[in-house]
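Summary of the model geometry
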Amino acid sequence: MKSIYSLPKIFALLLITFSINSCKDIDDTITYPDAADLIQKDSEIYNLLERVTKAEDDPMNDIVCIDIVYPINLLIYNSSLQRIGAVTIVGDDNFSAFLGILPADQLLSISYPISTTLADGTEFTVNNNAELKMVIDSCSREDIINYAGNLFCTSTPTAIVPCVWKVQYTATGDNRYLSGYFDVNVDGTIQLFYDNQTYNGSWTFLFINNEFHMNINLEGTTQVALDWNFDRKVIMTPEEIIIENSPKNIHLKKSCQVTTSYSVGDRGTAGGIVFYDKGSYSDGWRYAEASLVDLSYFEWGCATSSIGNAQNTAIGKGLYNSSAILNFHDGLVNFYSNPTICSSLNNGTVVAKETLGYEWNGKKDWFLPSENELALMHTNLHQQSLGNFSNTIYWSSTENDPTTVKTIDFTNGQIVNTLKVPTSNTVKVRCIRYF
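A brief report on the enclosed structure follows. Here the residue numbering is sequential within each chain, running from 1 through the sequence in written order. It should be noted that, the model being predicted, local features are given only for residues of pLDDT at least 70 and side-chain atom pairs only at 80 or more, the latter also being counted only at that level, while totals for whole chains, interfaces and linings use all residues. Hydrogen atoms and water are omitted, and side-chain values are computed over all heavy atoms in the structure.

With that settled, consider the pattern of salt bridges. One speaks of a salt bridge when a side-chain nitrogen belonging to Lys or Arg is within 4 Å of a carboxyl oxygen belonging to Asp or Glu. Tallying each qualifying case throughout the model produces 8 salt bridges. The partner of Asp 227 in a salt bridge is Arg 176, and the shortest N-O contact between them spans 3.6 Å. Within this pair, whereas Asp 227 is found in helix H5 (residues 223-227), its partner Arg 176 is found in the loop between strand E8 (163-167) and strand E9 (181-184), the two being separated by 51 residues in sequence. With a 1.4 Å probe rolled over the protein chains alone, any residue whose accessible area is under 20% of its type maximum counts as buried; one over 50% counts as exposed, and the rest are partly exposed. Under the relative-accessibility criterion, Asp 227 is labelled buried at 18%. One salt bridge connects Arg 433 with Glu 289, and the closest N-O pair in it is separated by 2.5 Å. A run of H or I in DSSP counts as a helix once it spans at least four residues, and a run of E counts as a strand once it spans at least two, with each numbered from the N terminus.

A few words on the packing of aromatic side chains. Paired rings are identified among Phe, Tyr and Trp, the last through its six-membered ring, by centres lying within 6.5 Å, and are further divided according to the angle between planes into stacked (under 30 degrees), edge-to-face (over 60) and tilted (the rest). Across all of its chains, the model carries 23 aromatic pairs by this definition. Linked through ring pairs, Phe 152, Trp 165, Trp 203, Phe 205, Phe 207 and Phe 212 together constitute an aromatic cluster. Looking at Lys 353, its charged tip hangs above the ring of Tyr 336, at a distance of 4.8 Å from the centre. A positively charged side chain is recorded as over a ring if its NZ (Lys) or CZ (Arg) lies within 6 Å of the ring centre. The angle to the ring normal must also be within 35 degrees. One Lys or Arg, Arg 433, reaches over the ring of Trp 366 and ends 5.9 Å from the middle of that ring.

Note on terminology: disulfide denotes any pair of cysteine sulfur atoms within 2.5 Å. Here the structure, examined in full by the defined rule, presents 2 disulfides. Note on cysteine connectivity: Cys 163 is disulfide-linked to Cys 256, with sulfurs 1.9 Å apart. Linking Cys 163 and Cys 256, the disulfide has an S-S dihedral of approximately 100° and is accordingly described as right-handed. Separated by 93 residues along the polypeptide, Cys 163 in strand E8 and Cys 256 in strand E15 (residues 250-256) bring together distant segments of the chain. What pairs with Cys 302 in a disulfide is Cys 342, and their sulfur atoms sit 1.5 Å apart. Since a negative S-S torsion denotes a left-handed disulfide, the Cys 302-Cys 342 link at about 95° is right-handed.

Looking at where Pro 113 falls in the secondary structure, it is placed in the loop between strand E5 (107-110) and strand E6 (114-118). Residue Pro 113 is classed as partly exposed on the basis of its relative accessible area, which comes to 45%. Measuring from C-alpha to C-alpha, the distance between Pro 113 and Thr 125 comes to 6.5 Å, with 12 residues separating the pair along the chain.

Let's shift gears to the sheet that holds E5. Strand pairing in a sheet is mediated by backbone hydrogen bonds. Such pairs are either parallel or antiparallel. The strand order across the open sheet formed by 4 strands is E1-E5-E3-E4, and the pairing between neighbours is antiparallel. Every interior strand has two partners, whereas the edge strands, strand E1 (39-40) and strand E4 (83-89), have only one. By the convention used here, strands pair only if DSSP detects at least 2 bridges between them. In this sheet, E4 lies alongside strand E3 (residues 72-77) in antiparallel orientation, the contact comprising 6 bridges. Within the sheet, the bridge partner assigned to Leu 74 lies in E4 and is Val 87.

With that settled, the discussion passes to the side chain of Asn 346. With respect to the element layout, Asn 346 can be found in the loop between helix H6 (318-330) and helix H7 (351-356). Each polar contact in these results corresponds to two N or O atoms within 3.5 Å; when the atoms are within protein, one needs to be able to donate a hydrogen and the other to accept it, and residues that are neighboring in sequence are counted only if both atoms are side-chain atoms. At 3.1 Å, the side chain of Asn 346 and the side chain of Glu 299 are in polar contact. Sequence-distant contacts of Asn 346, defined by excluding residues within four places in its chain, comprise Glu 299, Gly 301, Cys 302, Ala 303, Phe 335, Pro 339 and Val 421. Residues count as neighbours in contact if any of their non-hydrogen atoms are within 4.5 Å of one another.

Time to look at the pairing of strand E13 (residues 230-236). For strand E12 (residues 211-218) and E13, the ladder comprises 4 bridges, and the chain directions are antiparallel. Bridging from a neighbouring strand, Ile 216 pairs with Phe 230 of E13. Two elements, E13 and strand E14 (residues 240-243), share 3 bridges in a ladder whose sense is antiparallel. Paired with Val 234 across the two strands is Ile 243, which belongs to E14. Hairpin geometry of E13 and E14 is characterised by an intervening segment of 3 residues between the two adjacent antiparallel strands.

Mapped onto the fold, Ser 370 is located in the loop between H7 and helix H8 (371-380). Residue Ser 370 is classed as buried on the basis of its relative accessible area, which comes to 0%.

Moving on, we come to the nonpolar core. Phe 152, Phe 182, Phe 205, Trp 228, Ile 241, Ile 243 and Leu 252 are the most contacted members of the largest nonpolar core, which has 32 residues in total. Sorting elements by how many residues they give to this core places helix H4 (residues 129-152) first, with 5 residues. Contact partners of Ile 243, with chain neighbours within four places excluded, come to Met 214, Trp 228, Phe 230, Arg 232, Lys 233, Val 234, Asn 249, Ile 250 and Leu 252. By convention a nonpolar core is built from buried Ala, Val, Leu, Ile, Met, Phe, Trp, Tyr and Cys residues, the set being connected through side-chain atoms within 4.5 Å. One finds Leu 49, Tyr 70, Phe 95 and Val 126 within the second-largest nonpolar core, a separate group that totals 27 residues.

In structure tokens, the structure reads:
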């Protein structure tokens, strides 16, 4: 709790204040109270009072950082600043109900001074709106920081189900580190896991200029560490963090280990069909599931360019490959609307981008499988008559060379090097996800 100091007395004298009994003698005289003493509906101080007096299911909103000592008296004004009434408030519920029915064209004024009890149990006398806001802010900021920290931490001594924060794909977001994830420790340390590397650092939440910020500081001078050394405004919910990073925000999504056991052939958490179980939870996942339907036909991407970091064949590399493919094409100038900048053969579609944008049963973390992941889908699903696959060629996210890609013919399971721009509708695509 920050220490709260009274505003200068000369300022307080300029405000219109009333004794506890002042509401008993109300007339219709037109008065002109100091503007700083008036509270308009949906103003900042009005919304703060709503937060203090109204119980919420969302802990981010239900931050009761002060207790108002009742009764208190409110004066009501119309839009012409004419005093039109008064009311005595006797409790939080009463105050909350009154705030809820206050007409939009009316204003209110609290009859100061009022007494409050702070979060640490001490009492404080509030003499005006500025002091009231100061008290609420100083406490609620502390509570928000503590609450956000508890949400953000994924590794605690009492954690039963392990979780991580994954970089989440968004069509308009910063997807450079898609496939990376954070493990967050209660002692203020953090690890970013990306491209088989671990980056250690620290984290904290703070307020800067009345905005809620996240500070991450990774060790070292690599480009990855430098990109994640920042102090930026964030919007946070229990399951998602949006890091403002103009012109493209970074989205983090919380992902926790599932507590149910799955076998190959079972329906996964997104309603797909499980084709792989690696035996234990690591890197934010244990199982892989395939969607139940093929997407429409899309080209693999730029017909004649090699894409760095998209040659991985291993299980667990599909998302990394897909991210590399996406970021390569996003980095080309207007490829999607002018694909001839790459080749006259291209039509501007990129299959990895389409799978990353796929959504099914509320899950938005699909992608294009790597070569070995695709092979498992053929062996564990198609050969068992599961998954509704066709006897045709399917795309993987594994590039073979600048012009061809590793694909698998589901007729026989054979690996085929297929042109990135084949004859239309000859190669199908199936999305997968980890959980």
